[in-house]
Amino acid sequence: MALNKLAHLSLVNKVTSELENHIGIADKTLSEFVIDLAEKHADARSFQRALDEVGAELSFDLVRNLLEMIQRMRPKTGGGAGGGGGGGGG
């Protein structure tokens, strides 16, 4: 559990840094909101539509990068030993 919390804090910090670099706002609450929204959308287009609906007009490149980063870095929920070893590349 502590490891998941640490991973989540790392993700929040990374999203905050990205938002600050691109739009000049460093707000962890905003980052938490963006992460929560991203977890409800599997693709960048639907994620961008959801952000547009709440007034966050971000470039598609930024939206796509944020979604990919959040999907890659978010802590895995549930138990289970071993876990996904990532399929390599391709």
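Residues numbered from 1 in each chain as written. Predicted model: local features only at pLDDT ≥ 70, side-chain atom pairs only at ≥ 80, totals over all residues. Heavy atoms only, no water.

**Student:** Just to check I follow, could you spell out the confidence of the model for the protein chain for this structure?
**Tutor:** Detailed reading of the predicted coordinates is not advisable wherever pLDDT falls low. Chain-level pLDDT for the protein chain is 86 on average; 84% of the residues reach the 70-or-more range. Note on residues 79-90: pLDDT is under 50 here. Beyond four places in sequence and across chains, it has zero contacts. (pLDDT = per-residue confidence, 0-100. Contact = heavy atoms within 4.5 Å.)

**Student:** How do you make sense of the nonpolar core when you look at a structure like this?
**Tutor:** Within soluble globular proteins, side chains that are nonpolar tend to cluster in buried spots. Counting residues in each nonpolar core, the largest one holds 19 residues, and the members touching the most others are Val15, Val34, Phe47, Leu66 and Ile70. Sorting the residues of this core by element identifies helix 1 (2-23), helix 2 (28-38), helix 3 (44-53) and helix 4 (60-73) as the ones contributing at least two each. In contact with Ile70, other than residues within four places in its own chain, are Leu11, Val15, Val34, Ile35 and Ala38. (Core = buried A, V, L, I, M, F, W, Y, C linked by side-chain atoms within 4.5 Å. Buried < 20%, exposed > 50% of the residue type's maximum accessible area, 1.4 Å probe, protein only. Helix = DSSP H or I, 4+ residues; strand = E, 2+ residues; numbered from the N terminus.)

**Student:** Would you explain the packing of aromatic side chains in this entry?
**Tutor:** How two aromatic rings sit relative to each other is given by the distance of their centres and the angle of their planes. By the definition in use, this model includes zero aromatic pairs. Seen from the ring of Phe60, Arg45 lies directly overhead, with NZ or CZ sitting 3.9 Å from the centre. (Phe/Tyr/Trp six-rings, centres within 6.5 Å; stacked < 30°, edge-to-face > 60°. Lys NZ or Arg CZ within 6 Å of the ring centre and 35° of its normal.)

**Student:** What should I look at first to understand helix 1 in this one?
**Tutor:** In an α-helix, one full turn covers 3.6 residues, which means residues spaced three or four apart are oriented alike. Helix length check: helix 1, at 22 residues, gives a terminal C-alpha distance of 31 Å against a target of 32 Å (1.5 Å per residue), a fit within 8%. When we look at burial in helix 1, the residues that qualify are Leu11, Val12, Val15, Thr16, Glu18 and Leu19. Taken around the axis of helix 1, the buried residues stretch over an arc of 165 degrees, which confines them to a single face. Counted as exposed and oriented over 90 degrees from the buried face of helix 1: Ala2, Leu3, Leu6 and Asn21. Elements in contact with the buried residues of helix 1: helix 2 and helix 4. Two residues or fewer after helix 1 comes Gly24, characterised by a positive phi angle close to 80 degrees. (Expected span 1.5 Å × (residues − 1). Arc of directions from axis to C-beta.)

**Student:** Even after reading the chapter, I still don't get the packing of helix 1 against helix 2, so can you show me in this structure?
**Tutor:** Think of two packed helices as two axes; the pair is described by the angle between the axes and how far apart they sit. Relative orientation of the contacting elements helix 1 and helix 2 amounts to 105 degrees, with a least axis distance of 9 Å. The orientation of helix 1 with respect to helix 2, classified from their angle, is roughly perpendicular. Facing His8, Leu11, Val12, Asn13, Val15, Thr16 and Leu19 of helix 1, the residues of helix 2 in contact are Lys28, Leu30, Ser31, Glu32, Val34 and Ile35. Taken together, the residues that form the contact of helix 1 with helix 2 break down as seven nonpolar, four polar and two charged. (Axes fitted to C-alpha atoms, helices over the stretch in contact; angles between N-to-C directions. Parallel < 35°, antiparallel > 145°, perpendicular 65-115°, else oblique. Nonpolar A, V, L, I, M, F, W, Y, C, P; charged D, E, K, R; others polar.)

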